[in-house]
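Spelled out, the chains give:
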Amino acid sequence: MPARFTRTEVAAQAGVSQPLAERIWRALGFAQLADDAVAFSEADVDALKRVRTMLDSGLLDEPTVIRMARALGQTTARLAQWQAEIMIGAMLPDEPSDGDLAKVLQTARGLLPDFEQVLIHVWRAQLAAAGTRLLTIADINDELVPTRVSIAVGFADLVSFTRRARELAERELAELVEGFESRAADVVAAHGARLVKTLGDEVLFTAPTPAQAAAIALDLVETGELRIGMAYGPVLPMMGDVFGTTVNLAARLTAIARPGTIVVDAELAEGLDGHDAFDAHKMRRRPARGLGVVQPYVLRRSTH
């Protein structure tokens, strides 16, 4: 839709206050524009009207709406950047002409309606899955504060990434990182768990149970040169991420792990008792920075 309104006019058209409109735009990640800049369309008016309807209904208060807007803005910004990179990388030659650029834009416009419908479908499915995971964990841990849940947390780290990054060309490095993330995402999803985020040469994942986490780690370590650390215990889910001592412990155990091995904490090892598919072998106790002395275990597939 063509731009028709300034930032003052779009707020007035939607019936929301100018300060609230500006907070929403900032939360969504949009730059603040000059008062006389005509940059907003009827679609922006409709979006603000929907926000006003949610507030008027009393179902959500203003701070919650702003938090939801920030989640939407940050997630879709990364999604848009990632998809644009994929499209451009797939369609443009090394030395693109103006005609090549025009072709990419034309293709993107043609695919946009289908992408939009797939996006909505996937978002609905992921929202339902996330809600189910949180409610299930809350039922299992009803003695805990609702915002803190006990789950398994794991870090999978590419071994010798710094050295390999120096040796590889930029395109080869990008293929290495994307391939690692793709394989990790596939394995985690296959076991009904969640890939929380990627940190270049490392992925962070969570699983509802120790057994699911163990199965994920054992499958992951077979896909490449990795080391993995995992812990089980209470975490604080926030902003799509996870925080707390359990997360920090998993990170410390990753640093302890040798290439091609999986190291877990005592809680996760105990949670695997009775599961014949896994063996957890006690290692010597050792200090973990900021956490005192910990008892790690090496996780392996059972051979009996």
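Within any chain, residue numbers begin from 1 and follow the written order of that chain's sequence. Only residues with pLDDT of at least 70 get local features here, since the model is predicted, and only at 80 or more are side-chain atom pairs given and counted; chain-wide, interface and lining totals rely on the full set of residues. Where side-chain values are given, they derive from all heavy atoms of the structure, hydrogens and water being excluded.

Draft legend 1. Structural detail: the overall build of the protein chain. Regarding its fold elements, the protein chain presents 10 helices and 10 strands. Along the first, second and third principal axes, the C-alpha set of the protein chain runs to 70 × 55 × 35 Å. By definition, residues are in contact when any of their heavy atoms lie within 4.5 Å. Sequence separation of at least 24 residues holds for 65% of the intrachain contacts in the protein chain that already meet a minimum separation of 6. The Shrake-Rupley method, run with a 1.4 Å probe sphere, supplies the accessible areas, and residue values consider only the shown protein chains as cover. Of the roughly 18,300 Å² of accessible surface on the protein chain, a fraction of 56% belongs to carbon and sulfur atoms. Once the 32 positive and 40 negative side-chain charges of the protein chain are each reduced to a mean point, those two points are 5 Å apart. Counting from the N terminus, the helices are DSSP H or I runs at least four residues long and the strands are E runs at least two residues long. The charge count treats Lys and Arg as positive and Asp and Glu as negative. His and the chain ends do not count. For this purpose, a charge sits on NZ of Lys, CZ of Arg, CG of Asp or CD of Glu.

Draft legend 2. Here's a closer look at the nonpolar core. By size, the foremost hydrophobic cluster in this structure holds 33 residues, and its most contacted members are Leu220, Met230, Ile262 and Leu299. Within the residue set of this core, elements represented by two or more residues are strand 1 (149-158), helix 7 (170-190), strand 3 (202-207), helix 8 (210-221), strand 4 (226-238), strand 6 (262-264), helix 10 (266-271) and strand 10 (297-301). The dominant element in this core, judged by the number of residues it contributes, is helix 8, at 9 residues. Within the second largest apolar cluster, 20 residues are counted, among which are Val149, Val242, Leu249 and Met283. The definition of a nonpolar core used throughout is a set of buried Ala, Val, Leu, Ile, Met, Phe, Trp, Tyr and Cys residues joined through side-chain atoms within 4.5 Å. Relative accessible area decides the class of each residue, using a 1.4 Å probe on protein chains only: under 20% of the type maximum gives buried, over 50% gives exposed, and in between gives partly exposed.

Draft legend 3. Main features of the packing of helix 7 against helix 8. For helices, the fitted axis covers only the stretch in contact; all axes are lines through C-alpha atoms, and the angles between them, taken along N-to-C directions, range from 0 to 180 degrees. In the contact formed by helix 7 and helix 8, the axes pass within 9 Å of each other and the chain directions differ by 150°. With respect to their mutual orientation, helix 7 and helix 8 come out roughly antiparallel. For the element pair helix 7 and helix 8, the recorded crossing hand is right-handed. Contacts between helix 7 and helix 8 pair Arg183, Ala184, Val187 and Val188 from the former with Ile216, Asp219 and Leu220 from the latter. Amino acid classes used here: Ala, Val, Leu, Ile, Met, Phe, Trp, Tyr, Cys and Pro are nonpolar; Asp, Glu, Lys and Arg are charged; the rest, including Gly, are polar. Of the residues belonging to the contact of helix 7 with helix 8, the class tally is 5 nonpolar, no polar and 2 charged. To sort the angles, those under 35 degrees are grouped as roughly parallel, those over 145 as roughly antiparallel, those from 65 to 115 as roughly perpendicular, and the leftovers as oblique. Each crossing is labelled by how the near helix is turned from the far one, with a counterclockwise turn of less than a right angle marking it left-handed and a clockwise turn marking it right-handed.

Draft legend 4. The arrangement of the pattern of salt bridges in detail. Here, a salt bridge means any Lys or Arg side-chain nitrogen found within 4 Å of an Asp or Glu carboxyl oxygen. Per the stated rule, a full pass over the model turns up 11 salt bridges. With a closest N to O distance of 2.9 Å, Glu62 and Arg23 form a salt bridge. Residue Glu62 is found in helix 4 (residues 62-91), and its partner Arg23 is found in helix 2 (residues 18-27); the two are separated by 39 residues along the sequence. Asp219 serves as the salt-bridge partner of Arg301, at 2.7 Å between the closest nitrogen and oxygen. With Arg301 in strand 10 and Asp219 in helix 8, the pair connects residues that are 82 residues apart, well separated along the chain. Look at the salt bridges and you will find they share partners, linking Arg7, Glu22 and Asp35 into a network.

Draft legend 5. Expanded view of the side chain of Thr206. Tracing the backbone shows Thr206 in strand 3. In this structure Thr206 touches Ile151, Ala152, Val153, Ala193, Arg194, Val196 and Val242, once residues within four positions along its chain are discounted.

Draft legend 6. Structural detail: the confidence of the model for the protein chain. Confidence scores labelled pLDDT are given residue by residue by the predictor and lie between 0 and 100. Across the protein chain, pLDDT averages 87, with 95% of residues at or above 70. When mean pLDDT is taken per element in the protein chain, strand 6 scores highest with 97 and helix 6 (residues 161-167) scores lowest with 80.

Draft legend 7. Spotlight on helix 1 (residues 7-14). Looking only at helix 1, the buried set comprises Arg7, Val10, Ala11 and Ala14. Mapping the buried residues of helix 1 onto a view down its axis gives an arc of 100°, with all of them on the same face. Check the buried side of helix 1 and you find it contacts helix 2 and helix 3 (42-57). Relevant arc is that of directions from the helix axis to the C-beta atoms, nothing else.

Draft legend 8. Spatial organisation of helix 7. Any helix carries an expected span of 1.5 Å times its number of residues minus one. Spanning 21 residues, helix 7 covers 30 Å between terminal C-alpha atoms, matching the ideal 30 Å at 1.5 Å per step. Those residues of helix 7 that fall on the buried side of the exposure criterion are Leu176, Phe180, Glu181, Ala184, Val187 and Val188. Down the axis of helix 7, the buried set is contained in an arc of 135°. They therefore lie on one face. Looking at helix 7, the residues exposed on the side facing more than 90 degrees away from the buried face are Arg171, Glu175, Asp186, Ala189 and Ala190. Once helix 7 finishes, Gly192 follows within two positions and takes phi at roughly 70°, a positive value.

Draft legend 9. Structural context of the packing of aromatic side chains. The criterion for an aromatic pair is that two Phe, Tyr or Trp rings (for Trp, the six-membered ring) have centres within 6.5 Å, with stacked assigned to planes under 30 degrees apart, edge-to-face to planes over 60 apart and tilted to the rest. On inspection of all chains with the given rule, the structure shows 2 aromatic pairs. Both rings, one in Trp25 and one in Phe30, keep their centres 6.3 Å apart while their planes meet at 45°; by these two values the pair is tilted. Classification of Trp25 as buried rests on a relative accessible area of 8%. Ring pairing ties together the aromatic residues Trp25, Phe30 and Phe40, which thus form one cluster.

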